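The primary structure of each chain is shown beneath.
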Amino acid sequence: MTPPADPADGPARGARRRRRRHAGAVTDSALPSGIDPSVPPSGTGCVECEATSSWWFHLRRCAQCGHVGCCDDSLGRHATGHTEQTGHPVIQSFEPGEDWFYDFRTQEGYDGPELAAPGSHPAEQSVPGPADRVPADWARQLGG
Ligand SMILES: [Zn+2]
Ligand SMILES: [Zn+2]
């Protein structure tokens with residue numbers, strides 16, 4: 001009385017795998033390598049310039065370890081130096097009002113996640129800085 005089972009409706013159907021794509025949801029594993037949002041910045045000034053009583057123009061923050069270094073327009077170029085020494089590939093601007101990221105591997109800027117506060121040096125901190133060490137002819141020194 002029972003109709004014969006349809007061979008097309010066999011076990012093969014249930015065994016078929018489904019592929020699921022994680023669209024939209026941002027998880028920790030989705031973060032680009034070289035970025036750790038939980039690490040706070042090392043301070044308010046370039047680590048190396050502070051150590052040598054030098055001065056800087058703009059500041060950049062390592063997105064992986066929080067190291068704050070000076071930009072390539074500064075005399076020390078310590079942000080790039082930090083990347084070359086450690087292999088940490090991503091920096092974020094440490095200037096007030098700027099939140100762009102830059103990846104040394106691709107040499108491209110992009111928008112990244114929010115990093116541990118503070119996201120910049122204090123707004124009242126001078127640019128270039130620090131104020132008491134910036135020479136009177138700083139523009140000429142940077143302009144060459
Ligand atoms: Zn520096
Ligand atoms: Zn770093």
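Now for a look at the structure at hand. (Residues numbered from 1 in each chain as written. Chains lettered and ligands numbered in written order. Predicted model: local features only at pLDDT ≥ 70, side-chain atom pairs only at ≥ 80, totals over all residues.)

### A closer look at the nonpolar core
- Grouped together as the largest cluster of nonpolar side chains are 17 residues, with contacts concentrated most on C46, W56, L59, A63 and C70.
- Counting residues per element, the ones that place at least two in this core are β1 (59–62), β2 (68–70) and β3 (90–93). (Core = buried A, V, L, I, M, F, W, Y, C linked by C-beta atoms within 7 Å. Buried ≥ 20, exposed ≤ 12 C-beta atoms within 10 Å, placed from the backbone. Helix = DSSP H or I, 4+ residues; strand = E, 2+ residues; numbered from the N terminus.)

### Things to note about the environment of C70
- For C70, the location among the structural elements is in strand β2.
- By the C-beta count within 10 Å, which is 29 here, C70 ends up buried.
- The contacts of C70, once residues within four sequence positions are left out, are C46, C49, W56, F57, L59, G76, R77, H78 and A79. (Contact = placed C-beta atoms within 7 Å.)

### Here we look at the sheet that holds strand β5 (residues 108–111)
- Taken in spatial order, the five strands line up as β2-β1-β3-β4-β5 in an open sheet, and their pairing is antiparallel. On the outer flanks of this sheet lie β2 and β5, each paired with one strand and no other. On average, each strand axis in the sheet is tilted by 35° relative to the strand beside it, whichever way the strands run.
- Across three bridges, the pairing between β1 and β2 is antiparallel. When the bridges of β2 are listed, R61 appears paired with V68. (Pairing = 2+ DSSP bridges. Axes fitted to C-alpha atoms, helices over the stretch in contact; angles between N-to-C directions.)

### Some details on the pairing of β1
- Going residue by residue along β1, you find L59 and R61 tucked away on one face and R60 and C62 tucked away on the opposite face as well.
- Counting the residues that bridge the hairpin from β1 to β2 gives five residues, and of these G66 lies at a positive phi of roughly 90°.
- With three bridges connecting them, β1 and β3 associate as antiparallel partners. The residue bridging C62 from the neighbouring strand is I91, located in β3.

### Notes on unusual backbone geometry
- Along the chain, A117 connects to P118 via a cis peptide bond; the corresponding omega equals -5°.
- Of the consecutive residues G129 and P130, the connecting peptide bond is found in the cis state with omega at -10°.
- Turning to its location among the elements, P130 is positioned in the loop between β5 and α4 (138–143).
- Although it is not a glycine, R77 adopts a positive phi angle of roughly 50°.
- On the secondary structure map, R77 appears in the loop between β2 and α3 (78–86).
- Residues other than glycine seldom take positive phi values, yet Q107 does so here, at roughly 60°.
- On the secondary structure map, Q107 appears in the loop between β4 (100–103) and β5.

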